[in-house]
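# What the coordinates show
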Amino acid sequence: MRVGTWNLENLFRPGEGDPGPTPEVYDAKLASLAATITELAPDALAVQEVGSPDALDDLVDRLDGSWQVALAEPDGRGIRVGVIATGPLTSVEQVADFPDRLGPVRVDDDGTTITAMGRPALRARVGDVDVVSVHLKSKLLGFPGGRFDPRDEGERARYAVFAVHRRAAEAATVRAYADRLLDDLGRERLVVVAGDLNDEPQAATTQILLGPPGSEIGTGGFDAPDAGDGARLWNLAPLIPEDERWSRVYRGRRELIDHLLVSRAAVERVTAVTTGGPLPSSVTDDPRGRALVPASDHRPVVATLGRG
């Protein structure tokens, strides 16, 4: 089985989104997305930044075979996560509310708080694999009045804290949900948390999702079973060939912010992990200045799981 993740970057039809694509740009985008998905041939793909269910249907219609689609509710910008697969999707469930003991999270100078993920995650089962599609809070900062530039360094620092706190709370929410899916049976259950985590493998918010520390890929403890294996998730990033270990270009620097985190039963079956797709242009802190790219400003990440 091949399972992957891809941020499709504002997949809106013409006339949708702000600004929406022209018909020509939309057609080119669908063609490029479909060509990459066909080349990588995933059986299940977690997708992010789906702006319109109809747009995702347009994409799926360009793929060979019969594909199933499941989507979560959108955020305030109208984008959402989902899962598409070549087989039936079962046990579909949305994940949003912060764990009870986490409490509300402050998000601005006015004291506004939130108690749920801005973009709900989505779980869907494909065969015997549970896939959780995730899109955590962006590390790009926005300021009051729709500004992308702070008035001063104090404002910038405060809103950076708000953003990190929110992303950490969202990571903790997905981690709590993974705890329930795994139920300390990660040696038997195939669980894949897949998505745009908006930070790199060693970031604190990414690390929250891994669960008990230790036994990471490439360490001496990886091949030695221990008490944490039932609850732990493994980031497959180290298995991507080093020169391909990136999924976005930010300020001219390549970074890996799209991840596949898998249970013990799944990591033992992994035979290959790859990235692919058209090379995206560099993005900046101001989304208004981004150049249109043929498919997406992210690259997909796909893993192959052999038989157990």
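In what follows, the structure referred to is the one given above.
### Regarding the sheet that holds strand β14 (residues 258-262)
If you trace the six strands from one edge of the open sheet to the other, you get β5-β8-β9-β10-β14-β11, paired in mixed fashion. With partners counted over all chains shown, the strands left at the sheet margins are β5 (89-97) and β11 (234-235), one partner each. The pairing of β11 with β14 spans two bridges and is antiparallel. In the sheet register, N235 faces β14, and the bridge partner there is L261. Sheet strands in contact with helix α3 (residues 153-182) are β5, β8 (116-126), β9 (129-135) and β10 (190-196), and its direction is about 25° off that of β8.

### Some thoughts on the pattern of salt bridges
Tallying each qualifying case throughout the model produces 24 salt bridges. A salt bridge links R253 to E200; the shortest N-O distance between them is 3.1 Å. Of this pair, R253 sits in strand β13 (residues 253-255) while E200 sits in the loop between β10 and α4 (204-208), and the two are 53 residues apart along the sequence. In this structure, R264 and D229 form a salt bridge, with 4.0 Å as the shortest nitrogen-oxygen distance. Here R264 is found in helix α5 (residues 264-267), whereas its partner D229 is found in the loop between α4 and β11, with 35 residues between them in sequence.

### Considerations on unusual backbone geometry
A positive phi angle, near 50°, is found at N10, a position not held by glycine. Relative to the helices and strands, N10 resides in strand β1 (residues 2-11). Residue N10 is classed as partly exposed on the basis of its relative accessible area of 29%. Positioned with a positive phi, A41 is a non-glycine residue whose angle comes to about 55°. Checked against the element boundaries, A41 lands in the loop between α1 (23-40) and β2 (44-50).

Parameters and conventions
Residue indices begin from 1 for each chain and proceed along its sequence in written order. The predicted nature of this model means local features are confined to residues of pLDDT at least 70 and side-chain atom pairs, given and counted, to a pLDDT of 80 or more, with totals for whole chains, interfaces and linings taken over all residues. Hydrogen atoms and water are omitted, and side-chain values are computed over all heavy atoms in the structure. Two strands are said to pair when DSSP picks up at least two bridges between them. For helices the rule is a DSSP run of H or I covering at least 4 residues; for strands it is a run of E covering at least 2, with both sets numbered from the N terminus onward. Working rule for contacts: check all heavy atoms of both residues, and any pair within 4.5 Å makes them a contact. Only the stretch in contact is used when a helix axis is fitted, and all axes are lines through C-alpha atoms; the angle between N-to-C directions ranges over 0 to 180 degrees. Whenever Lys or Arg places a side-chain nitrogen within 4 Å of a carboxyl oxygen from Asp or Glu, that contact is recorded as a salt bridge. Buried, partly exposed and exposed residues are distinguished by accessible area as a fraction of the type maximum, computed with a 1.4 Å probe on protein chains only: under 20%, between the cut-offs, and over 50%, respectively.

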